[in-house]
Amino acid sequence: MVKRKKIFITGRVQGVGFRPAVYRLASQLFLSGYVCNDTKGVMIEAQGGDQNITEFLERLQSNTDKPPLAEIKGCKVVEIKPIEAEDSFVIKSSRPGGITLSEVTADIATCRDCLAEMTEPNDFRYQYPFINCTNCGPRYSIVKTVPYDRVNTTMSCFKMCRRCRSEYENVTDRRFHAQPVACAACGPTLSLTDNEGNTIETQNKEVIAEAAKMLLDGKILAIKGIGGFHLAVDALNDKAVRRLRKRKRRDHKSFAIMTDSVEKIRKYAVINEVSEQLLQSPQSPIVLLTKKRDSQIASSVAEEVNTLGFMLCYAPLHHLLFSQGLKVLVMTSGNISDEPLICKNEKAMEKLATIADAFLMHNREIYRQVDDSIIHFIEEGPVLLRRARGYVPTPIIIKENSRQDILAAGADMKNTFCCVKQNQLICSEHIGDLEDAQVHHHYIESIEHLSKLFEIEPKVVACDLHPGYLSRNYALSIPDVEVIEVQHHWAHIASVLVENELNGPVIGLACDGTGYGSDGAIWGCECLIGSLEDFERFGHMSYWPLAGADKASKEAIRPVLGLLMDSYSDDFELDNFGWLLQRIEPDQDKQQIISEQINKHVNTVETSSLGRIFDAVAAMVGLGAKNYFDAQLPMALEAIAAECIESNYDFQFTCSDNEPIELDLRKMIQQIVNDIGADMNKEVISAKFHNTIALALAEMAEQARAKSGLNTVALSGGVFCNRYLTNRCIKLLKGKDFDVLYNRLVPSNDGGISVGQAAIAAKAVTRRS
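Predicted, not measured: the structure shown is a model, and the values here were computed from it.

(A) Summary view of the overall build of the protein chain. A count of helical and extended segments in the protein chain gives 22 helices and 31 strands. Its C-alpha radius of gyration of 27 Å places the protein chain within 12% of the 27 Å reference for a compact globule of 769 residues. Principal-axis analysis of the C-alpha atoms places the extent of the protein chain at approximately 90 × 65 × 50 Å. Burial status across the protein chain gives 59% buried among its 769 residues. Of all intrachain contacts in the protein chain linking residues separated by at least 6 positions in sequence, the fraction that spans at least 24 positions is 70%. When the accessible area of the protein chain is evaluated, it comes to approximately 30700 Å², of which 46% is carbon and sulfur surface. Charged side chains in the protein chain number 86 positive and 100 negative. The centres of these two groups are separated by 6 Å.

And the structure:
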């Protein structure tokens, strides 16, 4: 009996070869009908025998028949009346009635099929460094505008040869409508130059061989990849790595490392099944792995931490380089200090000539620079620390359509921004810290580009409350829009809610360095009872004085003095703590000036910042006096925490009528000082400190449950990038029968703020529609 069914598929099903896969499967099963994109995903009408349609639905959702990059989130099937005299299955153009979203997908690592062709001497793409297909290759980084057709990408200047075009136009071929398709006869080419612009090699094969030889000789190369330039050097050559650090002016922050196999990574780091799958995934992120003690990786690659950031080759060029005998390479962002990633050949030659000895470049333009994504593990599951290549611009889907386009401006540190179009939250790639003028310029350009790419015309703009935020000032400068100001820590919790498809309310534990509070203070350790609609501040850490504005996040002496003066109150005298302060700030005059600032409340704020307490404790135990990059001291403190320590320091809660409860950590600070004075092992002090914070947060959540009756806790904020703390906190909360949520799809640091702002603004727009 002939039946006809209408099938609605949602998820990542546009721009990933899904319609051709549906066509091939329907043809195999002798079904008639059609497939097309619509504004929510893909719609199919399939007609044929009942058993054939059942098999069609089963195979469509299986891993064997759907495209590798497709991800089906929903499949709704409705039986409709059969159509007579229909004898074929076709691919139709997109349905009218709305803008098709998500045509542009993320840049994806080279697939196995392309790698097999690239290493096959008889294949016409043998050793071609730009091989790709529908299942892999550059996407987001090369598209200029929509629709996502070759003419609208940076591949438009490369006219396809006869063989490439035949594959491109063949619906049964793996390269059907693969926009970057090319070969050596018609596509991009490589070049190798020295740092003065003199050509060394131009033939692809010779370029790769000579570049690999230079790397083996300890030279630094600027290598143009998918989303921008990397600065590469032999990761086993400590002298070469230190030379790179000096030239790049990056003295402390860890470098990422690349190699070509999981087996090689096992020599240097601990890998389990989950991390192996991530490393080999189409997204190919940097994965933070525990160092092996006998690792031969140069010590200067990653100092003061117990992890190494590994990624596998994800571009054909990478694979070809490693085929020349390379073992492991440092592959760090091609920029100077915290400036934007460089993606243009001319700018790379201008900016990086004092760093790189040579430049391995190509003539395929990168339209959007995209950094590598970074992942670590919480509860042994993957969690994004930086969301960029491989994940952007994949949207987060919300249940209700927003009737207005929305822009969420994000935070100033680790900035991302987020656009809302209908039911999709489209978060940008990692932008950076907006205090750098070049990053700020890149931020504005990126907003314009993403808005154009997805045809977004924001009528509502969400931003942070902080009056000094550059992102807020930008939001306020946009004409003819409604501005919705969102408290920083509420946005953190909202980011957890929206990625878990919840509205709330929940108990939210938001912990970070700084966030402007609705009372004008600087918040940083908050217990909220909140939803996407509103929030209440149930509790927080007791305020303590912090002097020095922006310097307070870099110079540990400032939070140290603030905490000591608050914890010892009238009993505090500088001379009594000279033995402790001297190791942090030898300049006694500076100690005196800061203490007077705090006493007189000059350039001093009241704060509940937990992040700055991590800075202070790290400095007091002797791990350093400055954060040369964000969270350097807290990361060092986490890295040394002793295992199997269950003890903790003392803390207490205080409360006043109709006021939030307060977490008082003054006893903890006094006990830490006593332990340091008694020469307790700093690894034990670190573990006890982490245990104290985890226990205090869990107990605060318990008190919030007693008031609200809620049993779900959401964790967010930069402090929860700390694996030791987060895992322990989750364990304690689950031991108290809480359901625990935390960020996985977006970073818990300020890189996720824009998503929370967008979700709150979308809910506000929907409620009044």
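Resuming the write-up.
(B) Structural view of the packing of aromatic side chains. All chains considered together, the criterion is met by 9 aromatic pairs. Where Tyr443 meets Tyr474, the ring centres are 5.6 Å apart and the plane angle is 70°; that geometry is what we call edge-to-face. Here Tyr443, found in helix α11 (residues 437-453), pairs with Tyr474, found in helix α12 (residues 470-477); they are 31 residues apart in sequence, far enough to count as distant. One exposure class covers both Tyr443 and Tyr474, and it is buried. An angle of 85° between the planes, with centres 5.9 Å apart, marks the rings of Phe651 and Phe653 as edge-to-face. For the cation-ring pair, Arg163 lies above Phe124, with the distance from its terminal atom to the ring centre recorded as 4.1 Å.

(C) Expanded view of the sheet that holds strand β19 (residues 418-421). A sheet is described by the order of its strands in space; here 6 strands give the open sequence β17-β20-β19-β18-β21-β22, paired in mixed fashion. Each having just a single partner strand, β17 (396-397) and β22 (482-486) make up the two edges of the open sheet. The strands touched by α12 are β18 (406-408), β21 (460-464) and β22; relative to β21, the strand with the most contacts, the crossing angle is about 155°. Sitting on the sheet, helix α22 (residues 753-768) touches β17, β18, β19, β20 (424-427), β21 and β22, and the angle it makes with β21 is about 135°.

(D) Representation of a negative patch on the surface within the structure. There is a patch of like negative charges on the surface, built from Asp570, Asp571, Glu573 and Asp575. The residue Asp571 is located in the loop between α14 (557-568) and α15 (578-581) in this model. By relative accessible area, which is 60% here, Asp571 ends up exposed.

(E) A look at the sheet that holds strand β2 (residues 32-37). If you trace the 5 strands from one edge of the open sheet to the other, you get β4-β1-β3-β2-β5, paired in mixed fashion. Among the strands making up the open sheet, the edge pair consists of β4 (71-80) and β5 (89-91). The sheet shows a mean angle of 15° between the axes of neighbouring strands, taken without regard to direction. In terms of strand pairing, β2 meets β5 through 3 bridges, oriented parallel. Its bridge partner being in β5, Gly33 is matched across the sheet by Phe89. Where helix α2 (residues 50-60) meets the sheet, it contacts β1 (2-12), β3 (41-49) and β4, and its direction lies at approximately 150° from that of β3.

(F) Broad picture of the packing of α14 against helix α17 (residues 611-620). α17 packs onto α14 with a crossing angle of 95° between their chain directions and a minimal axis gap of 8 Å. Taken together, the axes of α14 and α17 lie roughly perpendicular to each other. In this structure, α14 uses Pro559, Val560 and Leu563 to contact α17, whose residues at the interface are Arg612, Ile613, Asp615, Ala616, Ala619 and Met620. Broken down by class, the residue content of the contact of α14 with α17 amounts to 7 nonpolar, no polar and 2 charged.

Parameters and conventions
Residues numbered from 1 in each chain as written. Predicted model: local features only at pLDDT ≥ 70, side-chain atom pairs only at ≥ 80, totals over all residues. Heavy atoms only, no water. Helix = DSSP H or I, 4+ residues; strand = E, 2+ residues; numbered from the N terminus. Rg over C-alpha atoms; globule rule 2.2 N^0.38 Å. Buried < 20%, exposed > 50% of the residue type's maximum accessible area, 1.4 Å probe, protein only. Contact = heavy atoms within 4.5 Å. Areas by Shrake-Rupley, 256 points an atom, 1.4 Å probe, with all protein chains shown as cover. Lys, Arg positive; Asp, Glu negative; His and termini not counted. Charge placed at Lys NZ, Arg CZ, Asp CG, Glu CD. Phe/Tyr/Trp six-rings, centres within 6.5 Å; stacked < 30°, edge-to-face > 60°. Lys NZ or Arg CZ within 6 Å of the ring centre and 35° of its normal. Pairing = 2+ DSSP bridges. Axes fitted to C-alpha atoms, helices over the stretch in contact; angles between N-to-C directions. Patch = residues over 30% accessible without salt bridge, like charges linked within 9 Å, V, L, I, M, F, W, Y side chains within 5 Å. Salt bridge = Lys/Arg side-chain N within 4 Å of Asp/Glu carboxyl O. Parallel < 35°, antiparallel > 145°, perpendicular 65-115°, else oblique. Nonpolar A, V, L, I, M, F, W, Y, C, P; charged D, E, K, R; others polar.

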